[in-house]
Amino acid sequence: MTERTVFAPARVNLIGEHTDYSGGLVLPVAIDLGTTVSWQPLDEHIRMRSVAFTDWVELGADGSGTSAGWGRYAAAVARLLHERGRRAAGLDAVVSSTVPIGSGLSSSAALTVSLALALCQAAAFELEPLELAHLVQEAERLAVGVPCGLMDPAAVLLARRGHALLLDCGTEEYRHVPLPAGLAIVVVDSGVRHALENSGYADRRTEVERGDPRRVRHVVSENERVRKTVAAFESGDLGALGTLFREGHNSLRDDFEVSTPELDLLVDLAYELGAVAARMTGGGFGGAIVALAERSGERALADAVVEAYRARTGRAGKAYVCSSVDGAAAQTR
Ligand code: GLA
């Protein structure tokens, strides 16, 4: 039986943090870390094995049955696809991933999107990328109760190589903004795990909905920073990028209170060591920072930040020099 493979990339959000669930602007990039699902057809049911975790996931071909751990994502995706009309085609799959878990690089969206695409392929079933993004967003909520926004699945599906995805989460209009050619993307993981399940993530969402002034001030100012970042990309104004990312980080730290001392330190170190721009990225409460570095200096910056961080905290951070890639929708067509 021939094996088929789907790949869903992780994403790093350049700016526009905690704005998606209130209909704001986000600017993520899909990167060359991701989750691969290799699968073959199977008549009766869905069987999946993860390379990282030892447990098997066994479900009915319609997603029925219970599951624990990462299998909760598989069950939620399969059930929602079944509700949308996917016929009950089984598959036997192996899941492997290069996305560090809990780093704020959307390891869960890379997982759910890759599972969804494999399940769609197995049943010759298709949804438009934005419809699929909504389904995957709902799966996250069903699986682990995190009321996340649309950014992660949209980025994983719709991003384009060499570009950032400017998405208006209110109108769902989007366009691809060319990344400045002279800049490289560096991600530095603080080594402090973030898990949105049981974190303050849901609280922040409620606080924004209730109109907490500081939380809303973050969202309003962050949307403006996204607009200005796009303008700075288009005009090549690197100085403006440095200021915008710095202000964005401070707003997440002070007004939104989702940063950590480790992320604050990493951002300071990145600027001190020559980054053009740096800020925490993703949901926060741990995870990683993103820095923009002048090309050819990116590896040196990454190493220097990790070394200085280790010297100051004793912690082993990990840096990734990332390339931007196409989203999964373009890769599977
Ligand atoms: C997580 C969520 C996203 C978004 C970010 C914060 O990654 O999954 O929907 O809210 O946090 O910008």
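Residues numbered from 1 in each chain as written. Predicted model: local features only at pLDDT ≥ 70, side-chain atom pairs only at ≥ 80, totals over all residues. Heavy atoms only, no water.

**A short note on the overall build of the protein**
Then step 1. A tally of helices and strands in the protein yields 10 helices and 12 strands.
Then step 2. A compact globule built from 333 residues should have a C-alpha radius of gyration of about 20 Å, and the protein, at 19 Å, falls within 12% of that.
Then step 3. Dimensions of the protein, computed from the C-alpha atoms along their principal axes, are close to 55 × 40 × 35 Å.
Then step 4. Sorting the 333 residues of the protein into buried and exposed places 58% on the buried side.
Then step 5. Within the protein, counting contacts between residues at least 6 apart in sequence, those at least 24 apart form 73% of the total.
Then step 6. Total accessible area computed for the protein in this model is approximately 13,200 Å², and 49% of it derives from carbon and sulfur atoms. (Helix = DSSP H or I, 4+ residues; strand = E, 2+ residues; numbered from the N terminus. Rg over C-alpha atoms; globule rule 2.2 N^0.38 Å. Buried < 20%, exposed > 50% of the residue type's maximum accessible area, 1.4 Å probe, protein only. Contact = heavy atoms within 4.5 Å. Areas by Shrake-Rupley, 256 points an atom, 1.4 Å probe, with all protein chains shown as cover.)

**A short note on the side chain of Arg11**
Then step 1. Position of Arg11 relative to the elements: it lies in strand E1 (residues 4-13).
Then step 2. A distance of 2.8 Å separates a polar atom in the side chain of Arg11 from the backbone oxygen of Gly104.
Then step 3. For Arg11, the residues in contact, after removing those within four places along its chain, are Pro28, Val29, Ala30, Ile31, Gly104, Leu105, Ser106, Met151, Asp152, Ala155 and Gly282. (Polar contact = N/O pair within 3.5 Å; in protein donor to acceptor, adjacent residues only side chain to side chain.)

**Overview of the site of the ligand**
Then step 1. Of all residues adjacent to the ligand, which total 13 residues, the nearest are Glu17, His18, Asp20, Gly149 and Tyr201.
Then step 2. Between the ligand and His18 there is a distance of 2.7 Å, counted from an oxygen atom to a backbone nitrogen or oxygen.
Then step 3. Interatomic distance of 2.5 Å between a side-chain N/O atom of Asp20 and an oxygen atom of the ligand.
Then step 4. Here the ligand has 310 Å² of accessible area as a free molecule, and 96% of this is covered by the chains.
Then step 5. Grouping the constituent residues of the shell around the ligand by class yields 5 nonpolar, 4 polar and 4 charged. (Near = heavy atom within 4 Å. Nonpolar A, V, L, I, M, F, W, Y, C, P; charged D, E, K, R; others polar.)

**Some points on the packing of aromatic side chains**
Then step 1. Here the structure, examined in full by the defined rule, presents 1 aromatic pair.
Then step 2. With a centroid separation of 5.5 Å and an interplanar angle of 75 degrees, the aromatic rings of Tyr21 and Tyr201 are classed as edge-to-face. With Tyr21 in the loop between E1 and strand E2 (25-26) and Tyr201 in helix H5 (residues 201-210), the pair connects residues that are 180 residues apart, well separated along the chain.
Then step 3. Exposure remark for Tyr21: the relative accessible area of 10% places this residue in the buried category. (Phe/Tyr/Trp six-rings, centres within 6.5 Å; stacked < 30°, edge-to-face > 60°.)

**Things to note about the pairing of strand E3 (residues 28-42)**
Then step 1. Pairing of E1 with E3 involves 10 bridges; the strand directions are antiparallel. Across the sheet, residue Val6 finds its bridge partner in E3, namely Val37.
Then step 2. One ladder, built from 8 bridges, connects E3 with strand E6 (residues 90-97); its direction is antiparallel. Across the sheet, residue Val37 finds its bridge partner in E6, namely Val95. (Pairing = 2+ DSSP bridges.)

**Some points on the sheet that holds E2**
Then step 1. Ordered by their spatial adjacency, 3 strands build an open sheet running E2-E7-E8, and the pairing between neighbours is antiparallel. With partners counted over all chains shown, the strands left at the sheet margins are E2 and strand E8 (174-178), one partner each.
Then step 2. Two strands pair when backbone bridges link them, and E2 and strand E7 (residues 163-168) are joined in this way by 2 bridges, in the antiparallel orientation. Note on E7: the bridge partner recorded for Val26 is Leu167.
Then step 3. Lying on the sheet, helix H4 (residues 151-158) is in contact with E2, E7 and E8; it crosses E7 at an angle near 135 degrees.
Then step 4. Against the sheet, helix H6 (residues 213-235) makes contact with E2, E7 and E8, and its axis sits at roughly 45 degrees relative to E8, the strand it touches most. (Axes fitted to C-alpha atoms, helices over the stretch in contact; angles between N-to-C directions.)

**Re the side chain of His163**
Then step 1. Looking at where His163 falls in the secondary structure, it is placed in strand E7.
Then step 2. Residue classification places His163 among the buried residues on the basis of a relative accessible area of 18%.
Then step 3. Polar contacts involving the side chain of His163 include one to the main-chain carbonyl oxygen of Arg161, which spans 2.8 Å.

**Details of the nonpolar core**
Then step 1. Of all hydrophobic cores here, the largest spans 81 residues; its most connected members are Met48, Leu81, Leu91, Val113, Leu132 and Leu157.
Then step 2. When residues in this core are grouped by element, the largest group, 10 residues, is from helix H2 (residues 107-122).
Then step 3. If near-sequence neighbours (up to four positions away) are discounted, Val113 is found in contact with Ala8, Val136, Pro153, Val156, Leu157 and Ala328.
Then step 4. Counting residues in each nonpolar core, the second largest holds 32 residues, with Val177, Val230, Val276 and Val290 among its members. (Core = buried A, V, L, I, M, F, W, Y, C linked by side-chain atoms within 4.5 Å.)

**A short note on the packing of helix H8 (residues 261-272) against helix H9 (residues 298-313)**
Then step 1. At their nearest, the axes of H8 and H9 sit 10 Å apart, and the two run at 135 degrees to each other. Considering the angle they form, H8 stands oblique to H9. The element H8 and its partner H9 pack so that their crossing is right-handed. Of the residues in H9, those in contact with Glu262, Leu265, Leu266, Leu269 and Ala270 of H8 are Leu301, Val305, Ala308, Tyr309, Arg312 and Thr313.
Then step 2. Across the contact of H8 with H9, the residue classes break down as 8 nonpolar, 1 polar and 2 charged. (Parallel < 35°, antiparallel > 145°, perpendicular 65-115°, else oblique. Left-handed = near helix turned anticlockwise from the far one by under 90°.)

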